[in-house]
Amino acid sequence: MVNPLGLEADTVAPRSILFIGGTGVISAAAAERAVALGHRLTVLNRGQQTGRPVPDGAEVLHADVRDASAVRDVLSGREFDAVADFIAFTPEQARASIDLFRGRTGQYVFISSASAYQKPPTRLPILESTPLKNPFWEYSRNKIACEEVLFEAYRSEDFPLTVVRPSHTYDRTKIAMVGGWTDVHRMRAGLPVLVHGDGTSLWTLTHSRDFAKAFVGLLGRPQAVGESYTITSDEYLPWNQIYRLFARAAGVAEPELVHVASETIAAHSAELGANLLGDRSHSVVFDNTKIKSLVPGYTATIPFADGAREIVDWYDIHPELQAVDQQFMDLSDRLIGWARRPG
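Residues numbered from 1 in each chain as written. Predicted model: local features only at pLDDT ≥ 70, side-chain atom pairs only at ≥ 80, totals over all residues. Heavy atoms only, no water.

Turning to the overall build of the protein, a few remarks are in order. In terms of helices and strands, the protein carries 12 helices and 12 strands. Rg of the C-alpha trace for the protein: 21 Å, near the compact-globule value of 20 Å for 343 residues, within the 12% margin. For the protein, the spread of C-alpha atoms along the principal axes amounts to about 70 × 45 × 35 Å. When each of the 343 residues of the protein is scored for burial, the buried share is 54%. Within the protein, contacts between residues separated by at least 24 positions form 77% of all contacts whose residues are at least 6 apart in sequence. (Helix = DSSP H or I, 4+ residues; strand = E, 2+ residues; numbered from the N terminus. Rg over C-alpha atoms; globule rule 2.2 N^0.38 Å. Buried < 20%, exposed > 50% of the residue type's maximum accessible area, 1.4 Å probe, protein only. Contact = heavy atoms within 4.5 Å.)

In structure tokens, the structure reads:
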């Protein structure tokens, strides 16, 4: 029998899987794939609407994972082949997860971040053995601290940890450009668009449906315990090309791209600067050999040229989502004006 994702449903042994979260960019796609493959999926979240519904066939339980007592109540007597935690961001939350899922699962999968890898990188491609170090971005440092807590639990008490490090993973709702929809608006209005650096650093974008192929393939796999895995596409593009692909999808033949140093942008916007200096301003090319050795059929097949069209089409049929950020408009105008000063 072929399921909606084009897979042989009877080739995968059903597993009992718990997702903590389950409605985010990567977790929603993974949930859809897990159900399509015939796994017994339970999703635990607070029941808030995100625009990404839990797929039919999944069990839904409502509790705030930060309320340990409530989680223990709804999971009373339950055990799972794998628990995937998409919403642990601090070492305190990681410690709480150890307490909650100790003895309850054969595998606990922590979703870390490829931004935790050494920045700036001293060599490419980036491997799982690349050092974890990011002095620029607190989000990444917290993910590193979570990993340290969890790996210590693996070493000291055999807590069944697997770490996954995705990079920039997107679905149709996520615009990769720094300004989001505001940059699409500027392109269509004939306005210049701010691009960090000189636009030539390389970036890897992975569609959530591609990510889900590898991610679901490692769930319930005992040989993955104690290991970390990078999961990304093998396609990498310079930022200038990423912006031009969005422009083409938006019907703009040739956008006017104006380059401004990431450090300059950071000096004018601490929020944007942390992400730029801690991740996007550096070339990132990943080696996916390790995940492919565990999930031999894994190949990312959605090129970003298709992904950009999917994103713009989605926003075009949802005009209520086309929010123009006036603060970013002003920042773009100010920095572009500065970059164009004579001399």
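Once that is clear, we can look at the sheet that holds strand 6 (residues 161-166). Judged by pairing direction, the sheet is parallel, and its seven strands sit side by side in the order 3-2-1-4-5-6-10 without closing on themselves. Of all the strands in the sheet, the pair left with one neighbour each is strand 3 (59-62) and strand 10 (227-231). Geometrically, the sheet is characterised by an average inter-axis angle of 20° between neighbouring strands, direction not taken into account. Sheet analysis places strand 1 (residues 16-20) next to strand 4 (residues 82-85), joined by four bridges and oriented parallel. The residue of strand 4 that forms the bridge with I17 is A82. (Pairing = 2+ DSSP bridges. Axes fitted to C-alpha atoms, helices over the stretch in contact; angles between N-to-C directions.)

This part covers the side chain of H207. Position of H207 relative to the elements: it lies in strand 9 (residues 202-207). Excluding its chain neighbours within four sequence positions, the residues that come into contact with H207 are T169, Y170, I302 and E310.

Moving on: helix 12 (residues 326-339). For helix 12, which comprises 14 residues, the first-to-last C-alpha distance of 20 Å matches the rise-based estimate of 20 Å (1.5 Å per residue) to within 8%. Residues of helix 12 that are buried: F328, M329, L331, S332, L335 and I336. Along the long axis of helix 12, the arc covered by the buried residues comes to 165°, so they all point the same way. Buried residues along helix 12 sit against helix 5 (181-188), strand 8 (193-196), strand 12 (257-260), helix 8 (262-268) and helix 9 (270-280). (Expected span 1.5 Å × (residues − 1). Arc of directions from axis to C-beta.)

Taken as a whole, this structure holds 15 salt bridges when the rule is applied. As a salt-bridge pair, R188 and D316 come within 2.9 Å of each other at their nearest N and O atoms. On the criterion of sequence distance, the pair formed by R188 in helix 5 and D316 in helix 11 (residues 304-316) is long-range, its members being 128 residues apart. In this structure, D210 engages K213 in a salt bridge whose closest nitrogen and oxygen atoms are separated by 3.0 Å. With D210 and K213 both in helix 6 (residues 208-218), this residue pair falls three residues apart, about one helical turn. (Salt bridge = Lys/Arg side-chain N within 4 Å of Asp/Glu carboxyl O.)

Summary statistics for the protein give a mean pLDDT of 94 and a share of 96% for residues scoring 70 or more. When the criterion is pLDDT under 50, residues 1-10 qualifies, and its contacts beyond four places in sequence or with other chains add up to 15 contacts. (pLDDT = per-residue confidence, 0-100.)

This next bit is on the sheet that holds strand 11 (residues 236-238). Reading across the sheet, the three strands line up as 7-9-11 and stay open at both edges, with mixed pairing between neighbours. A strand with exactly one partner marks an edge of an open sheet, and here the two such strands are strand 7 (168-170) and strand 11. On average, each strand axis in the sheet is inclined to that of its neighbour by 45°, with strand direction left out of account.

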